[in-house]
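A structural walkthrough
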Amino acid sequence: HITVNATHSADNATDPLITTFNGEDFIAIAAQLLDGQIYGILTFLFPGLNRVSARVRDGAGIYGEDTVNVYYDHVGPSIKMTSDKIIEYNQPFLLSAEIVDTEWTAITTGDGTGEVVEAMVSVQGPTINKLYNMTKQGKQWSTYIVPHIDSLGFADYLPGTYYVTFSAKDVFGNENTKQYE
């Protein structure tokens, strides 16, 4: 829910109302007048753009209204692995994914995607469980992994099946995780 608090200077104010509108659907709630303020709680927002308005009528019957845009984003970024699923033993490799947040967001970057603020990838396998930070380049997030080779020449990434889990967070704190084998 969202608390709406607006000030007014109407003499003999009446009929306070708070509304939200997303371009198609409309919700209105009765509000309260308290010491020159309109107060109310919206218990529902539409996904995406909401035009939230507070309205009051003065003693002469004239309405005054103010509107602000509020964006509601409750979905984490989408994740699609773009790196090869087969790597060569003992060789460095790149783990990458296209990570974007374009659904219901008002914040965009120069490359036209939503604002993803953090991405990580974890690798779990027969003898390893590691977490890596990823770096962004456009829509692509990646990390370059160089296997550690011990004194006998064995790498920490042994042949076998591994689980790769990407996780990302957008500017609103929404998270998403996607796992690949």
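Residues numbered from 1 in each chain as written. Predicted model: local features only at pLDDT ≥ 70, side-chain atom pairs only at ≥ 80, totals over all residues. Heavy atoms only, no water.

**Digging into the environment of Asn90**
Its location among the elements puts Asn90 in the loop between strand S8 (78–81) and strand S9 (93–100). With a relative accessible area of 22%, Asn90 lands in the partly exposed category. A distance of 3.5 Å separates a polar atom in the side chain of Asn90 from the backbone oxygen of Gly153. (Helix = DSSP H or I, 4+ residues; strand = E, 2+ residues; numbered from the N terminus. Buried < 20%, exposed > 50% of the residue type's maximum accessible area, 1.4 Å probe, protein only. Polar contact = N/O pair within 3.5 Å; in protein donor to acceptor, adjacent residues only side chain to side chain.)

**Side note on the nonpolar core**
Leu95, Ile99, Val121, Tyr157 and Phe166 are the most contacted members of the largest nonpolar core, which totals 21 residues. Broken down by secondary-structure element, the contributors of at least two residues to this core are S8, S9, strand S10 (116–124), strand S13 (140–145) and strand S14 (163–170). Val121 has contacts with Leu95, Lys130, Leu131, Tyr132, Met134, Thr143, Val164, Thr165 and Phe166, leaving out every residue within four places of it along the chain. (Core = buried A, V, L, I, M, F, W, Y, C linked by side-chain atoms within 4.5 Å. Contact = heavy atoms within 4.5 Å.)

**Here we look at the pattern of salt bridges**
The final tally for this structure, using the stated rule, is 2 salt bridges. Ionic pairing is found between Asp15 and Arg57, a salt bridge with its closest N-O pair at 2.5 Å. Of the two residues, Asp15 sits in strand S2 (residues 14–21) while Arg57 sits in strand S6 (residues 48–57), which places them 42 residues apart along the sequence. We note a salt bridge from Asp156 to Lys130, for which the minimum N-O separation is 3.0 Å. Note that Asp156 is positioned in the loop between S13 and S14 and Lys130 in strand S11 (residues 129–133), a separation of 26 residues in sequence. Classification of Asp156 as buried rests on a relative accessible area of 18%. (Salt bridge = Lys/Arg side-chain N within 4 Å of Asp/Glu carboxyl O.)

**Considerations on the layout of surface pockets**
Within this model, the largest pocket holds a volume of roughly 380 Å³. Taken together, 21 residues make up the lining of the largest pocket; nearest its centre are Lys85, Ile86, Ile87, Gly160 and Tyr162. (1 Å grid on protein atoms, 1.4 Å probe; cavity = no way out; pocket = protein on both sides within 12 Å on 5 of 7 lines; lining within 4 Å. Points joined across faces, edges and corners; volume = space filled by probe spheres on them.)

**Examining the sheet that holds strand S15 (residues 175–180)**
Read across the sheet, 4 strands follow the order S11-S10-S14-S15 without closing on themselves; strand pairing throughout is antiparallel. Only two strands of the sheet have a single partner each, and these edge strands are S11 and S15. Between one strand and the next, the sheet's axes are offset by a mean angle of 15 degrees, whatever the strand orientation. Across 6 bridges, the pairing between S14 and S15 is antiparallel. Counted as the bridge partner of Phe166 is Lys178 from S15. (Pairing = 2+ DSSP bridges. Axes fitted to C-alpha atoms, helices over the stretch in contact; angles between N-to-C directions.)

Bear in mind that shape data such as this cannot, by itself, settle questions of function.
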